Amino acid sequence: MSHFAYRNRTLHIENLPLAQVAAEFGTPTYVYSRASLEENFAAYANACKQHGRSDAHGALVCYSVKSNSNLAVLNLLGKLGSGFDIVSGGELLRVIAAGGDPRKVIFSGVGKSREEMRLALSHDILCFNVESIPELHRLNAIALEMGKRAPVSLRVNPNVDAKTHPYISTGLKDNKFGIAFEEAIATYKVAASLPGLQVVGIDCHIGSQLLDDAPLLEALDKVIELVDTLNDAGIVLHHLDIGGGIGITYDDEKPVAVADYLARLFARIDDWRAKKYAGNNITVLFEPGRSIVGNAGVLLTEVQYLKHGETKNFAVVDAAMNDLMRPAMYEAWHGVQALQKREGSSQVYDVVGPVCESGDWLARARALTLEQGDLLAIMSAGAYGMTMASNYNTRGRAAEVLVDGEQSMLIRKREMPADLFALESIPK
Ligand SMILES: *Cc1c(COP(=O)(O)O)cnc(C)c1O
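Keep in mind that what you see is a predicted model, and the values were worked out from it rather than measured. The written sequence of each chain sets the order in which its residues are numbered from 1. Owing to the predicted nature of the model, reporting of local features is limited to residues with pLDDT of at least 70; listing and counting of side-chain atom pairs is limited to 80 or more, with chain, interface and lining totals taken over all residues. Computation of side-chain values: all heavy atoms of the structure, hydrogens and water removed.

### With respect to helix α2 (residues 34-50)
In this text, helices come from DSSP runs of H or I with a minimum length of four residues, and strands from runs of E with a minimum of two, each type numbered from the N-terminal end. Here the expected length of a helix is defined as 1.5 Å per residue gap, with one fewer gap than residues. With 17 residues, α2 should reach 24 Å at 1.5 Å per residue; the first-to-last C-alpha distance of 24 Å fits that figure. We define the bend at each residue as the angle formed by axes fitted to the 7 residues ending at it and the 7 residues starting at it. Remark: the principal bend of α2, roughly 30 degrees, maps to Ala42. Looking at α2, one finds that the buried residues are Ser36, Leu37, Asn40, Phe41, Tyr44, Ala47 and Cys48. Within two residues after α2, Gly52 carries a phi angle of roughly 70 degrees, on the positive side. Type-normalised accessible area, obtained with a 1.4 Å probe on protein chains alone, sets the label of each residue: buried when under 20%, exposed when over 50%, and partly exposed for intermediate values.

### Brief notes about the packing of helix α4 (residues 89-97) against helix α5 (residues 114-122)
Axis separation between α4 and α5 bottoms out at 9 Å; the angle between their running directions is 25 degrees. Overall, the two elements α4 and α5 adopt an arrangement that is roughly parallel. For the pair α4 and α5, the sense of crossing is left-handed. Across the interface between the two elements, Gly89, Leu92 and Leu93 from α4 touch Glu116, Leu119 and Ala120 from α5. Residue classes follow a fixed rule: Ala, Val, Leu, Ile, Met, Phe, Trp, Tyr, Cys and Pro count as nonpolar, while Asp, Glu, Lys and Arg count as charged, and any other residue, Gly among them, counts as polar. Of the residues assigned to the contact of α4 with α5, the class counts are 4 nonpolar, 1 polar and 1 charged. What counts as an axis is a line fitted to C-alpha atoms, over the stretch in contact for a helix, and the angles between N-to-C directions run from 0 to 180 degrees. Any angle between 65 and 115 degrees counts as roughly perpendicular, while under 35 counts as roughly parallel, over 145 as roughly antiparallel, and the rest as oblique. By convention the crossing between two helices is left-handed if the near helix lies anticlockwise of the far one by an angle smaller than a right angle, and right-handed if it lies clockwise. Should any heavy atoms of two residues lie within 4.5 Å, those residues are considered in contact.

### Observations concerning the domain arrangement of the protein
In this entry, domain limits derive from an automatic or database-based domain assignment. As assigned here, the protein comprises domain 1 (4-32 + 294-420) and domain 2 (34-292). For domain 1 and domain 2, the distance between their C-alpha centroids amounts to 33 Å. Listed per partner, the contact involves 22 residues of domain 1 and 23 residues of domain 2. Contact with domain 2 buries area across many residues of domain 1, yet Tyr330, Trp333 and Tyr384 alone supply 29% of it, more than any other trio. Salt bridge, as applied in this entry: a Lys or Arg side-chain nitrogen positioned within 4 Å of an Asp or Glu carboxyl oxygen. Here domain 1 is connected to domain 2 by 1 salt bridge. Polar contact is the term for a pair of N or O atoms within 3.5 Å; when the atoms are in protein, one must be able to donate a hydrogen and the other to accept it, and sequence-neighboring residues count only if both atoms are side-chain atoms. For the interface between domain 1 and domain 2, the tally reads 12 residue pairs in polar contact (both at pLDDT 80 or more). Among the elements of the structure, α11 (326-330), β20 (399-404) and β21 (407-412) are those that each provide at least two residues to the side of domain 1 that touches domain 2. With 4 residues, β20 is the single largest residue contributor to the side of domain 1 that touches domain 2. Looking at side-chain class alone, the side of domain 1 that touches domain 2 contains 10 nonpolar, 7 polar and 5 charged residues. Two parts lose some accessible area (1.4 Å probe) when they are put together, and adding that loss for both gives the buried area.

Below, the structure is given as structure tokens:
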């Protein structure tokens, strides 16, 4: 259920008018619903449980930290039993600072540095998702130096079309991610031959904002094929990680329900394990990001000016592309809702920020009834919002607030200009 709804023309988050959050913490501000985060995580956890798999046995949800890495969000999900999918050493330190369990961390990404590998090994993370042969060799050398064996999974590229935006599609042949399907077996043999590595799993992640689970199930079939071939070659895997990627509703998209996707996925896996492995099961990992946080957050902003041009009307707001990059970067669509709905006729506006770029827009051609000073919520901004924010134009990043029922808690202070140049110096 959505935890953002109008009551008497006033937009609420859970039981709190969003205007109250804006009054207390200012704008622009990201606001997240705790109930929504919990429900979205529970969709995964409950589906695992229903299929006889729990965190300790047979399944682990590793929340994708890069989608929203605020410590309060990580802490909440960690307490619900979540593991974490990280893509940098910095994200590992965040997980630890948030009280997350590093032994439930998997480390993805094409460019892990030596330092990041050392850090992750020193915290005994669950698995490194390795994306190339040189990375295997580097990890092997560092593990041996440290007297450890690094648990590894290979990210294979199943070469299925996720049918999503090219920038967020990652499972096709010609992108930088993963190991080509045809080279997977040979690469596993290299991994298995290196004494500093322990081969434990296989993973893939074919893209983001997938509305249909067919490409994911297609990827699963390809991964299953590899697990079998490896098994016959004496390389036995303990887990299979199908990645993240389930989409959310921004406008009128109808993404597959997580419960339905997981039901189909587990049915296939159980059937396969029953037939080929006499029921001996394999642990399944997930790496969801957007489907957990995307619709749990909004970005609050205030209308600064209304500009009525010859061909276009602009609502200039105090949030910008540095706060929410998705429209500028992917031409992404976000809903725009007035915190207090006005009576009267609407006009069509482009909602734009103050940054000096024509690409600085948050929404285009929206029918809105607006006056200067009105407060707006940019909807579905919980994922890849704050984590992609920058300081372009020396704009401090937005504050972040978590709402629980009628209560609001500041979970990140607004950055102040002095914070932005604190690390800089002028040569004598
Ligand atoms: C970004 C990412 C995810 C999360 O994707 P969502 O679409 O947000 O679920 C999962 N795995 C990897 C490797 C990623 O890079």
